[in-house]
Structures are given as structure tokens and as C-alpha cells.
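# Analysis of the macromolecular model
The residues making up each chain are set out below.
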Amino acid sequence: MSTTDVAAAAPVRASIPARLALPAERPAWAAIIPFLLPAAVFYVGLTAYPVVRTVWNSVHEVLPAGDIFVGTAHYAELWLDETFWRAVRNTLTWAIAAPLLEVGIALLLALALYAKVPGGRFLRVAWFTPVLMSYVVVGILWTWIYNYDWGAVNVLLRAVGLEDWANPWLGTTGTALPALILVTTWMWTGFNMVVLLAALHSLPSEVIEAAELDRCSWAAKLWHIVIPLVRPTLLNLLVLSCVGKMKIFDLVWIATKGGPLWSTETVSTYTYKRAFEWSTFDLGYPSAIATVWFVIVMAGVGLLTWTLRQRQRLEY
Amino acid sequence: MKTLRRRALGTAFAVMATLPAGLGAAPAIAQAQEITLWSHWAAEQPKRQFVEEAVRRFQAANPGVTVRTTWYEKNALYAALRTALRAGQGPDVFYAEPDQVEYVQNNFLLDLSQGINWNNVEPWARQIWTHNGRAYGLPLEAWTVEMYVNTRKLQELGGSVPPSLPHSQGEFLDLVRRARARNVVPISAGVGDRPFPGAFLTHETLLMRLGLQDYGRLLAGEIRWDDPRVVESLRFIRSLVDARAFPPGVATMQLGQSHTYFHTNPGTLFFPMGSWYTSRAFNPSDQGGQPADFPLGVMRVPAPENAACTRCRTIAVGGSYVVNARTRHPDAARAFLDAFATPEMGNLWLQNVMVQTGIKADASRIEGPRAGYFRQLAAANEGSDYFFGIPQQVLQGRARDTFTQVVNNAFISGQVSVDEVVRQMSAAQQAR
Amino acid sequence: MAARVLTRAAVTLLIVLWTAFAAGPLLWVAMISLRSTGEFMRAPYALPEEWRFDKYATAWNSSGYDIYFANSLIVVLSSVAIVTVVGAMAAHCLARYRFPGNRVIYFLIFSTIVLPPQITIIALFQTLANLGLYDTRIGLILVYVAIQLPLTVYILEGFFARIPADLFDAARIDGYSEWATFWKVAFPVAMPAIATVVILNTILLWNEFLYAVVLIADDAKRTLPLGIQKFMGDQLEDYGMIATGLMIAIIPVVVIYAFFSEKLIQGMTAGAVK
């Protein structure tokens, strides 16, 4: 689990009336400051300052012996760095495909459990377990499952007579990225399912029962009734999953290290390689990568928030 | 907290060390020092035992100095060292390979020109670790690129035995096809966790076709990758790929797996590998070693017909020990490395590890059950002209990354054509 | 009618398939963890012929897991404790007091959630190295607190804001100080959300890898995810042993989840992650 996967997205959250009810009086700074100070220290020292320092790094050659100002040289190089743009493409593919898969399947599974399938409690636990494992464990486990000679995928294919389909899934340029996306789908669907199920349970039951009476198809019911009702939760989960995938590192690092032929290189792995593996000790170039990626992510999030706001305004 | 305590201890030692000096009785090495050693070879029993033996002897000869060793797997070790050194920390002595010139460039290594008996080290091995006239590493391990073969399988397929006889490229390709026809995977290789094993055949072929000098110029970017000799060499490797010579899972197979794939399950005919093959294969078979009765042979990589140099091959200095420039115990650390630089230790290395070494040693004195193997290895290397270093040790930056991804991996797993290799390598050489 | 039966069958089939897909891998590792590598290589998908529970002791002893485990415990428990208190204080403050800049601070902290780790990790490494905190558990704990702070504040603020203001007024009338109000009123009332935050942070940090790999080098200070990676390297092709090692890493989290899953889900349902 990456740290922020679980955070729901702020933009879609409703404002909280309790706060508005507070009496309008002079701010009690004597109480406020001590409460905020520790968090502020952590935030400034270990979040804000590093961001600024990274940006500063990005216009320098940062070597153990000292820093040399290079201006926009790193950015110019980055603009022509095929591997970087490859990594950006891979990461964006991941960040778009994985949320749709995860949340889509999770919704279907949640509906199945909501319909009171026997053994629901057991299923809920069974489906949730993958997310409890660390990406390191998951990475090792799935390199085994994708192993050409004895991995489960190829064993199954051979068992049903599709021997020609057997493939080193993580070693082929065309399949490595989809194979890893499938791993994150496997890992996160259960989590999304649990949250969606909770959302479904908190809906007033009459609404769904009323739908039962109408003789519309289940697909229509899903589209016209269920999805609109759980839309805020769905959006939160999509954004959350998207943000998590934009950070993905551990899984790739353990399973493919970005190979073959950069087909699974992500921005995180490339930054790490350039910072801590490349045969130079320069931290400036990787900082430039981080800065550009930071801008891309922020622009993406901003755009997403803005579109969602617009749509909400249109609807209400 | 730990750091603080360690610092305090360090000061205490420094104070203790100066005391006897003031009294006129200066021991070469201060009392009660601890040298930390971070080393690769966690899973390579013979090398590990050799180092542990060296540590035992060193500690016995230098009472009061202890060596605390942490064993790592290579990738984890490199990751840890990079950040630790950069942060101005790290162990006193650590494992490094000569391609890591960035350590030298950034002044992370202690000059070892003094304090080590270099007369006991092979001059070429010292040369590889020499920058600006200073020597920075003690070259323990030297290795050649070898073509290992299962002689029983070779015989069954009608190959010439003894295997040290050179095969032509045509004969070799023919053996590959015959093996395939019998459902034997011809060549084991795995590039899942290492950047080099998939390129052995390619660069040895290039080296023989171009000769020492031009091959060096190719790697230096002075000869282009679309040179006809280069293309011709790549075509030969491609013909092996087309004959399905490599395991279908080569792209993700790990180094350790490729060993078992060769000697046990399913068992292949050939295995191009560094001569440190033995440090895994001579483990007990339940720890990933080859079966006790395995018919191991050593042959030569097939030479191209119009080779510039049929006797050319690669020798590389591998695992070496270096000293952290920031160590607080430079003398003790040098003394520790010096303890390796004796003919006796050189022989012990050969005897235990069965891989060449940069320490001067006498191969004829090897005895025991493995002596036969070492004679085979010597025969295969008879009269060779050596190029120093594999391409991954010579290339830097983007060229190295591209070589790893393209030549080492995608090329032999059949995912890129000869033209694509040429295009990618040319682009990378230009980008620098 | 027939269509109904068909749909039913299809749904059942899908559920069975998904369950096999979701739970199969874990069961498979659990099986391998009880078998020797020899047995595994002969038949990768068989049940254990003999249940080798002693492998767990072997893996534990041969791998240095005791150290990694202890490190993980120290680092995770300390950082979760600190982040909970620090985060709760900030969240309480942001939810309860009105002051200029309140929403700005909230937004700043919150927006950190989408911050890619690349943007901070290199500079964090430099900063810790400058402070002499690189390669120390304390350094890692501080960083863990910092990276989990936004999520913690976000979840708790949402909950604190819904505590009725009357409760605080009552506390004031009873003569509670602001500090006492926080500890004796707000904190206990927010227990469900606090529990969720604690469980989530524990699971997330227990599995954290990227920051640990960059900020810790010494073997004696490694946490479990790094330990597993090293263990995997040491064991090379000893799949049976690696699987045992993996299981040792998985079991604690599964146990935590088994005990607290209801609490976690309650917390999330109660609005924490909605």
C-alpha cells in the first residue's frame, strides 16, 4: 500500500456544518498555536522544505563535493530524454487503466455481496487479503506466478491446451506492463470493494427496493440507480487509486526493475535509478525529473478537480 | 542515538590510541578497534568461507582488532553503499568492482598505494584499479568469460570431446539445432536480475571479430555499431536466437535459476558464464550446487571465420575490497587488506573458490577433487590475449543502460532485430 | 425462469473464479512455506506431504528476522504513536477553532497527499544526512510521521468536525482547559476514527519500502520489507525457504486485520474514507 492510496479526495467532500456553527469570536491563538505547532514543524521540515530543496537541486549539479549551478541544463536534457517520457507514458497508462479496472470490478463484487450471496463474510475477508501484503511480498510472489516454466499462469494455459500462449509475461515488452497492472488490480480490488460495500449499506434501502419493483434489466439498474447513488464514493476511490499508481515503485523494483526495454519503467523507478544507481553521484538531474513530474501530477489533479466541480455544478 | 554513541566511542578510541604513542610505545595498530566490512557473496559459500578464514587469521595476528562483516546480496549492497557513502558514512572496508569509477571520481576511496604489498598482486589487476597513479582496490577476484558444457550431452549429440577444442560458428550452430531437435534447450542464460549474462556470447564474438584494439574503440564510441563486422557478429547471435538456442524464459530468469537450469532442471548443453560459475555450482547440491557427478566441461566460444583474433577473450577483475576514504581506522583497514595480499592467501583462494584471482598464486599447487576442473580451465585459457573488462564495466551512463536493456536482454530474448540493436546502440553512444 | 437460473450460475461462477484469483496466491505461498524446495520443484502445486512447521524456526533464525522484526516494531509503533497524537492535535485545532488561515493550512496539509514521493525523497535524504539522522531509526521514524501526517489529519479532521459543539461548550462550563478538552473530550469521542487511523497507518508503514531503502543502509537497522528483499537474495533458489520468509512477513498484518477488521471497516464507513 502506498501511503496516500487510502486518502480520499478532498475536492469532492462536502463541507462540514459543525464548524460553521462555531461562535464567531476572536481566534484563541494561545490554544491554536500549541496544537498546530508539532504538525507544522513536521510539515515544514520534512515536507515543504524538501520540496523547495528539490527544486533548488534541479538547477544544480549536486555532487558529494558540492553543488554547481547549471541553470536549465537538466531540463533541456530531460526534454530529450526518451526514457523519461517512456516512464511518464507508462505511469500514466497505469494511473488511468488500473483505477477503472479496480473500481469497476470492485463495484460488481460489492453488488454481489450486497445481494446477500451465501458466505459473504468469508468472501469479504478472502478478497481483502491481497492488500495486506507489502509490494515487496507481492512482487516476489507474482514473479513466481508469471514464471515461464512453473508459474501458475503458464501451467494453467498448458493445462487447457493453450501451450502456444505460454509466455514469460514479465519478460516480454508487450505484456510486462499489462501483467503488472493486473497485479495491482488483484491487490486493490478487494479494498475498493469493502469501501463500496460500506457505501451501499449506508444507502436508504427503499431506493434500491423500489428499483427491484421496476422490471428494468440489472444493467440499467446499475447504470441509472446504483452508480449515481454511490457516485461520490466511486469518484473518491478512482482518484485515490490514480494517485497511488502515480507513485508506484516497490512492485516494479522487485519484479522487473523497469525492464524489458524500459517497458515497465515508471517515473519513480527512473528517478531512483538516476539518483542512486546511475554511475554518477549527481542528484540534480533526478531532482529535475521529480520537479517536472510534480508539475505534471499537480496539473492533472487540478484538471480533474476542476472537471468534477464543473460537472457537479451542471447537475445540481 | 546510535550514531552519537558510536562517535563518542570513536573519540574514546582516538584518545586511547594517542596515549601509548605519547609514552613512546607506539603499536602499529591501535588497540581494540572494530573494522566494519560490507561484502557481497552472501550466497556464495566458497568465497564467504575464504573471507571468513582471512578474517580469522587477521584477527589472530592482530589482537585487539576485530572485523565485523555484513554479508549482502549484490543489488542490496550497492543500493546501501550508494546512499551511505553519499551521506558521508558507510563501512570501513567494502566490496566494489573496478567499473565503479564514480567512487574514485567522488573521492570516496582511500588511496591504497602504500601499506599493501603490491608485489604479491598481479600487475594487470593492480592496473585496473589504478587511477592517476594511485591504486584504490585490492583485486581479489579475477574472472574470464567461459563456455561451460555438459560433456555427456555433448557426446550424445556428436560434438567433439575433449570440449576444449574450438568449434567453428557453423559447427556450434549445428549442435544447437541438433539439441533443439531432441528437445534439449541448447544454451542456459538468465538476465532477470543481472545486467550482463545475456551479452557474454555477443561481446566475445565481437571481440574476436574486431580484435583487441578495434573492440576497445567500439566500446569507446570510436567505431560505429553499423560497422559491417559488428553487424555480421550480431547476425550470428541472431541466428542462435532464431534457432531457439536460449530458454524461452530467459528475460526473467535469474542468475541463480540459470545455473540450475544448466546443470539440473531441465539441463542444457551450454552455459556461457563468468568463471565464477564454480562459486555457486560447487556448493552442495541441496544449496543450489551442481550434482556431484556432473560432467562439467570447459570449451571456447566459437570463433568467427574471419576473426581478427581467435585467441582474444575477456578477463575482468570482479569482487575487490576497497577502503572508505572516511574510515577512522585507515591503518587497520589497510593492514586488513594487506593480509589478503600473500601468495598463501592467493593459493587458498584458488583452492577454495576455483576462480582466478588478482593475487599472485600458483595454480599448479591446487589439489583435491576439483583440481581436474582447474586444469581444464587453464587449458581453455592457454595462450589467450585478454581484453580487460566486460562492456558493462567499460561503458558508462546511457550507453551502459542501453547495452543492458538491449544487448543483454531484448536481443537474446528475440525481441529486437539486429537493425534495432544497431540503431539503439548508435543513438546511445551519441547521447553519451 | 431459465434466464434467472443462468444469471445465478454465471454470478456464482464469477464469484468462485474471483475468490480463487484473490486468495489463491496467498494459499499457494502458505503451502510452499511448509514444503521443502525439492518437493516444491517436483510438484509446484501439490499439498505438503509432510507439514514442515520447523521451517519457520529455521527461517527466523537464519535470516536475522528477529532484528528486522524488532526494527519494524520500533519504527512502526513509534511513528504511529507520534503521528496519531500530532495529527489529532492538528486536526482538532483545524476542526474546532476559527482563525484566519485555517482553510489554507488544511489545504496545504491535505494537498500533500497527492505529492509524488520523488519530489521529496532526494532532498529528505540530503536533509537527514546533514542532520546526522541518515541511517538511523529515529530519522526513519520522523520521515514516516511526516508522510503519514496528511492522511491522518484529513481523516481525523473530518471526524472531529462532526463532534457537536455543545460538547465543547459543556466542557468549558465545567472549567476544562483547552488542553484538557482535547484529551478528555475530543480524543475519546473520536476513538473510532483514531482506531481507523492507527490500523491504516500501521499496515501502510509496516509494508513501506521506498523510504526505508533510501534512508537505511546498515543491516542492523533494516526493517522487515528490506529484510525480505535481502533474505530473498541470500536464499537464491531456495523457494521453499523464501516462501517461509514471506509468510513470516505476511502473518502479523493478517493477524492485525483479523482482530481489527470490523473496527477498520466501521471507521471507514463512519465517514473516514467516504
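Keep in mind the model is a prediction, meaning the values are calculated, not measured.

The subject of this paragraph is the overall build of chain B. In terms of regular secondary structure, chain B is built from 17 helices and twelve strands. Against the 2.2 N^0.38 benchmark of 22 Å for 432 residues, chain B shows a C-alpha radius of gyration of 23 Å, consistent with a compact globule. Split into buried and exposed, the 432 residues of chain B put 60% on the buried side. Long-range contacts, defined here as pairs at least 24 residues apart, represent 76% of the contacts in chain B between residues at least 6 apart. Total accessible area computed for chain B in this model is approximately 16600 Å², and 49% of it derives from carbon and sulfur atoms. When the 43 basic and 37 acidic side-chain charges of chain B are each reduced to a single mean position, those positions are 5 Å apart.

The next subject is the sheet that holds strand β6 (residues 137-139) of chain B. Remark on secondary structure: sheet strands pair via backbone hydrogen bonds, oriented parallel or antiparallel. Residues and elements named next belong to chain B. Across the sheet, which stays open at both edges, the five strands sit in the order β2-β1-β3-β11-β6 with mixed pairing between neighbours. In this open sheet, the two strands that pair with only one neighbour each are β2 (65-71) and β6. Direction aside, the axes of adjacent strands within the sheet are offset by 25 degrees on average. Here seven bridges tie strand β1 (residues 33-39) to β2, and the two strands are oriented parallel to one another. Bridge assignment links Gln33 to a residue of β2, and that residue is Val65. Along the sheet, helix α12 (residues 330-338) contacts β1, β2, β3 (93-96), β6 and β11 (320-323); its crossing angle with β1, the most-contacted strand, is approximately 55 degrees.

The subject of this paragraph is the state of the cysteines. All names here are of chain B. As enumerated under the stated definition, the model contains one disulfide over all chains in all. Two residues share a disulfide in this structure: Cys309 and Cys312, whose sulfurs sit 1.8 Å from each other. Of note, the bridge from Cys309 to Cys312 carries an S-S torsion of about 95 degrees and is right-handed in sense. Residue Cys309 is classed as buried on the basis of its relative accessible area of 12%.

Taken together, the contact pairs 98 residues of chain C with 99 residues of chain A. The interface formed by chain C and chain A holds zero salt bridges in total. One can count twelve residue pairs in polar contact (both at pLDDT 80 or more) joining chain C with chain A. With 14 residues, helix α13 (residues 239-272) of chain C is the single largest residue contributor to the side of chain C that touches chain A. Grouping the amino acids of the side of chain C that touches chain A by side-chain chemistry returns 75 nonpolar, 14 polar and nine charged.

Moving on, we get to the confidence of the model for chain B. Predicted coordinates in regions of low pLDDT should not be interpreted in detail. The pLDDT averaged across chain B works out to 86; a share of 91% of its residues lies at or above 70. The low-confidence segment residues 1-27 of chain B (pLDDT under 50) makes 14 contacts with residues lying over four places distant or belonging to another chain.

Here the focus is the domain arrangement of chain C. Residues and elements named next belong to chain C. On domain assignment, one finds that chain C holds domain 1 (2-32) and domain 2 (62-272). Relative to domain 2, the C-alpha centre of domain 1 lies at a distance of 34 Å. Across the contact, four residues belong to domain 1 and six residues belong to domain 2. Summed over both partners, the interface of domain 1 with domain 2 comes to about 390 Å²; 89% of that surface belongs to carbon and sulfur atoms. Among the residues domain 1 hides against domain 2, the three largest losses belong to Leu26, Val29 and Ile32. Together they make up 87% of the total. Where domain 1 touches domain 2, the interface holds zero salt bridges. In this structure, the connection of domain 1 to domain 2 is made through zero residue pairs in polar contact (both at pLDDT 80 or more). Class assignment of the residues belonging to the side of domain 1 that touches domain 2 gives a composition of four nonpolar, no polar and no charged.

Residues and elements named next belong to chain B. Enumeration over the complete set of coordinates arrives at 36 salt bridges over all chains. A salt bridge links Glu141 to Lys47; its shortest N-O distance comes to 2.6 Å. Of the two residues, Glu141 sits in the loop between β6 and β7 (142-150) while Lys47 sits in helix α2 (residues 45-61), which places them 94 residues apart along the sequence. For the residue pair Glu141 and Lys47, the accessibility class agrees, reading buried in each case. The shortest N-O distance in the salt bridge between Asp111 and Arg134 comes to 3.7 Å. One end of the pair, Asp111, is in the loop between α4 (101-105) and α5 (123-128); the other, Arg134, is in strand β5 (residues 134-135), and 23 residues separate them in sequence. Taking the relative accessible area as the measure of exposure, Arg134 reaches 39% and is therefore partly exposed. Connected through shared salt-bridge partners, Asp214, Arg217, Glu222, Asp227 and Arg229 make up one network.

Residues and elements named next belong to chain B. Given a rise of 1.5 Å per residue, 13 residues ought to cover 18 Å, and the 18 Å separating the end C-alpha atoms of helix α7 (residues 169-181) matches this to within 8%. Among all positions in α7, only Gln169, Phe172, Leu173, Leu175, Val176, Ala179 and Arg180 are buried. Take α7 and look down its axis: the buried residues cluster within an arc of 155 degrees, on one side only. Tucked inside the fold, the buried residues of α7 contact β7, α6 (151-156), α8 (200-219), α9 (228-242), β8 (270-274) and β9 (296-299). Positive backbone phi, approximately 65 degrees, marks Asn183, located one or two places after α7.

Moving on: the domain arrangement of chain B. Residues and elements named next belong to chain B. Here chain B is partitioned into domain 1 (32-140 + 318-361) and domain 2 (143-316 + 371-431). Contacts between the two partners involve 21 residues from domain 1 and, on the opposite side, 24 residues from domain 2. Buried surface at the junction of domain 1 and domain 2, summed over both partners, amounts to about 1800 Å²; 55% is from carbon and sulfur atoms. It is Asp99, Met354 and Gln356 in domain 1 that bury the most area against domain 2; as a group they hold 34% of the surface buried on that side. At the junction of domain 1 and domain 2, the tally comes to three salt bridges. Of the charged contacts, one joins Asp99 and Arg400 as a salt bridge, the two residues approaching to 3.3 Å between their closest N and O atoms.

Along the chain, Gly221 of chain B turns up in the loop between α8 and α9. Distance in space between the C-alpha atoms of Gly221 of chain B and Gln430 of chain B is 7.8 Å, their sequence separation being 209 residues.

On to the side chain of Arg53 of chain A. Following the sequence through the fold, Arg53 of chain A ends up in helix α2 (residues 29-57). No salt bridge is formed by the buried Arg53 of chain A; its nearest oppositely charged neighbour, Asp67 of chain A, is found at 6.0 Å. In this structure Arg53 of chain A touches Ala123, Gln126, Thr127 and Asn130 of chain C, once residues within four positions along its chain are discounted.

Opposite the 21 residues of chain C that make contact, chain B presents 24 residues. For the chain C and chain B pair, buried surface summed over both sides reaches about 1900 Å², with 56% attributable to carbon and sulfur atoms. Inspection of the chain C/chain B interface yields four residue pairs in polar contact (both at pLDDT 80 or more). Those elements giving two or more residues to the side of chain C that touches chain B turn out to be α6 (118-131), α7 (137-160) and α12 (224-235) of chain C. Looking at the side of chain C that touches chain B, the element that brings in the most residues is α12 of chain C, giving three residues.

On to the nonpolar core. Trp127 of chain A, Tyr148, Tyr321, Phe336, Leu337 and Phe340 of chain B together with Phe160 of chain C are the most contacted members of the largest nonpolar core, which has 261 residues in total. Here this core gets 16 residues from one element, more than from any other, and that element is helix α8 (residues 173-201) of chain A. If we skip the residues at most four places from it in the chain, Trp127 of chain A touches Leu109, Leu113, Gly190 and Met193 of chain A together with Ile15, Trp18, Thr19 and Ala22 of chain C. Counting 57 residues, the second-largest nonpolar core is a separate cluster that includes Trp262 of chain A together with Ile223, Phe403 and Ile412 of chain B.

Turning next to the environment of Tyr277 of chain B. All names here are of chain B. Among the secondary structure elements, Tyr277 is positioned in helix α11 (residues 277-281). Distance in space between the C-alpha atoms of Tyr277 and Leu109 is 29 Å, their sequence separation being 168 residues. Not counting residues up to four positions away in its chain, the partners in contact with Tyr277 are Tyr148, His259, Phe262, His263, Phe271, Gln290, Phe294 and Leu296.

Bringing helix α16 (residues 397-411) of chain B into the picture now. Every α-helix carries 3.6 residues per turn, so stepping three or four residues along brings you back to the same face. Residue and element names in this part refer to chain B. In this model α16 runs 20 Å from its N-terminal to its C-terminal C-alpha over 15 residues, within 8% of the 21 Å that 1.5 Å per residue would give. A maximum bend of about 30 degrees is found in α16 at Phe403. Most of α16 sits inside the fold, with 15 of its 15 residues counted as buried.

The rules we used
- Residues numbered from 1 in each chain as written.
- Chains lettered and ligands numbered in written order.
- Predicted model: local features only at pLDDT ≥ 70, side-chain atom pairs only at ≥ 80, totals over all residues.
- Heavy atoms only, no water.
- Helix = DSSP H or I, 4+ residues; strand = E, 2+ residues; numbered from the N terminus.
- Rg over C-alpha atoms; globule rule 2.2 N^0.38 Å.
- Buried < 20%, exposed > 50% of the residue type's maximum accessible area, 1.4 Å probe, protein only.
- Contact = heavy atoms within 4.5 Å.
- Areas by Shrake-Rupley, 256 points an atom, 1.4 Å probe, with all protein chains shown as cover.
- Lys, Arg positive; Asp, Glu negative; His and termini not counted.
- Charge placed at Lys NZ, Arg CZ, Asp CG, Glu CD.
- Pairing = 2+ DSSP bridges.
- Axes fitted to C-alpha atoms, helices over the stretch in contact; angles between N-to-C directions.
- Disulfide = S-S within 2.5 Å.
- Salt bridge = Lys/Arg side-chain N within 4 Å of Asp/Glu carboxyl O.
- Polar contact = N/O pair within 3.5 Å; in protein donor to acceptor, adjacent residues only side chain to side chain.
- Nonpolar A, V, L, I, M, F, W, Y, C, P; charged D, E, K, R; others polar.
- pLDDT = per-residue confidence, 0-100.
- Domains from an automatic or database assignment.
- Buried area = accessible area lost by both parts, 1.4 Å probe.
- Expected span 1.5 Å × (residues − 1).
- Arc of directions from axis to C-beta.
- Core = buried A, V, L, I, M, F, W, Y, C linked by side-chain atoms within 4.5 Å.
- Bend = angle between axes of the 7 residues up to and from the residue.

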